[in-house]
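# Structure assessment
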Amino acid sequence: MPNVLIIGATRGLGASLANAYASQANTTVFGTTRSTAGPQGLNKKIAWVPNIDVSDEGAGSRLVNQLALLGVAGGMVEGEGEVRGFDIVIITAGYFATEDFVNGPKWEEELKMYTTSAISPPFLVRSLCRARYLFKGSKILLISSESGSITLRHEKEGGGNYGHHASKAALNMVGKLLSLDLKEKGIIVSILHPGFMRTEMTKGVGFDKYWDDGGAVTPDEAAKSLIEWTEKLDLDKTGQYWAPRGPRDIGTADVTIGTGLPTPLQLPW
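No experiment lies behind these values; they were computed from the predicted model shown.

For the rest of this paragraph, the subject is helix α1 (residues 12-22). Among the 11 residues that make up α1, eight are buried, leaving the element largely enclosed by the rest of the structure. Turning to α1, its buried residues are L13, G14, A15, S16, L17, A18, Y21 and A22. The inward-facing, buried residues of α1 abut β1 (3-7), β2 (28-32), β4 (88-91), β5 (139-143) and α6 (219-232).

Structure representation (structure tokens):
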């Protein structure tokens, strides 16, 4: 029975992933929330892990403590009424604030973007590993973005959004390094661009005006693609950076890496 942990499961892609996995008959799903309880309207099978804010220094320790309280047992043996650990861990928590050169970068907003996207993942993953919630064959998905690719940046889209792009580039580096740390343990790390999505996050920064021309998809559509990707994921692709939905929503792909590109698409750093 697959056990799935989604870090950042209350809205957008995380909520869609939690719902989709919970709809599978034999899958157990845990989702984190910053609140004391999970949101209304999501699948009732989701077990909520409360009070997890990945921007807090102690988020990793708090996560494993809360999991223990919920009956998640570390190690390889699954006891009666216990979950032995996680086959799949998806870190999808994110934060996005826009910036431009004219108005200047935003110090506090950048700190939050870096902390959420790139600083917290190694703390979370190491805590899960030390508590023996990860084992040979476990799959870790780090939800990044094509915006973290230096190669894909081009004058076609211009500059700005320093914290967003750079924090995703930093996450890509974190993912690569974690893959090297965990490969001998047989734990897989996949760094992913899930697609341009029609979410409250992109709408909140005014990117809804690009939804139609940019080929934005719903979080449910993006979640379906990620689940299909994860089913086929193996150690041969650990530490790599991929767009499971291909180049269709990457506006600079044609001018930076060419046309006629495959789906799924391995992205350049």
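Before going further, it helps to examine the sheet that holds strand β3 (residues 47-49). As a general point, the strands of a sheet are linked pairwise by backbone hydrogen bonds and lie either parallel or antiparallel. Read across the sheet, eight strands follow the order β3-β2-β1-β4-β5-β6-β7-β8 without closing on themselves; strand pairing throughout is mixed. Here the strands that pair on one side only, and so sit at the sheet edges, are β3 and β8 (265-266). Bridging between β4 and β5 involves four bridges; their strand directions are parallel. Counterpart to I90 in the pairing with β5 is L141. Strands in contact with helix α3 (residues 107-130) are β1, β4 and β5; relative to β4, the strand with the most contacts, it is inclined by about 160°.

Now for unusual backbone geometry. With an omega dihedral of -5°, the bond running from T263 to P264 counts as a cis peptide bond. Unusually for a residue other than glycine, R132 sits at a positive phi of about 65°. Take R132: it is sitting in the loop between α3 and β5. For N161, which is not glycine, the phi dihedral falls at a positive 50°. Within the fold, N161 resides in the loop between β5 and α4 (162-182). Residue class for N161 comes out buried when judged on its relative accessible area of 13%.

Taking 1.5 Å of rise per residue, 14 residues should cover 20 Å, and α6 covers 20 Å from first to last C-alpha, within 8% of that figure. Here α6 has its buried residues at P219, A222, A223, S225, L226, I227, W229 and T230. Next to the buried residues of α6 lie α1, β4, β5, β6 (188-192) and β7 (241-243).

This part takes up the side chain of T33. You can see T33 is positioned in the loop between β2 and β3. The class of T33 is buried, set by a relative accessible area of 4%. Apart from residues lying up to four places away in sequence, T33 is in contact with T10, G38, W48, V49, P50, N51 and I52.

Right, let's talk about the packing of aromatic side chains for a bit. This model, assessed by the stated rule, comprises four aromatic pairs. Relative to F86, the ring of F30 has its centre 5.8 Å away and its plane inclined at 80°; by these criteria the two rings are edge-to-face. Here F30 is found in strand β2, whereas its partner F86 is found in the loop between α2 (59-69) and β4, with 56 residues between them in sequence. With respect to burial, F30 and F86 carry one shared label: buried. With a centroid separation of 6.0 Å and an interplanar angle of 65°, the aromatic rings of F86 and Y133 are classed as edge-to-face. With a gap of 47 residues between them, F86 in the loop between α2 and β4 and Y133 in the loop between α3 and β5 connect regions that are remote in the sequence. Relative accessible area serves as the criterion here: at 0%, F86 is assigned to the buried category. The cationic tip of K112 hangs over the ring face of Y95; the distance from NZ or CZ to the ring centre is 4.3 Å.

Applying the stated criterion across every chain yields a total of five salt bridges. For R153, the salt bridge goes to E146, with nearest N and O atoms at 3.1 Å. Among the ionic pairs, E157 bridges to R153, the shortest N-O distance being 3.6 Å. In the salt-bridge network here, residues are joined through shared partners; they are E146, R153 and E157.

About the thresholds
- Residues numbered from 1 in each chain as written.
- Predicted model: local features only at pLDDT ≥ 70, side-chain atom pairs only at ≥ 80, totals over all residues.
- Heavy atoms only, no water.
- Buried < 20%, exposed > 50% of the residue type's maximum accessible area, 1.4 Å probe, protein only.
- Helix = DSSP H or I, 4+ residues; strand = E, 2+ residues; numbered from the N terminus.
- Contact = heavy atoms within 4.5 Å.
- Pairing = 2+ DSSP bridges.
- Axes fitted to C-alpha atoms, helices over the stretch in contact; angles between N-to-C directions.
- Expected span 1.5 Å × (residues − 1).
- Phe/Tyr/Trp six-rings, centres within 6.5 Å; stacked < 30°, edge-to-face > 60°.
- Lys NZ or Arg CZ within 6 Å of the ring centre and 35° of its normal.
- Salt bridge = Lys/Arg side-chain N within 4 Å of Asp/Glu carboxyl O.

All quantities given are derived from atomic positions and should not be read as evidence of function.
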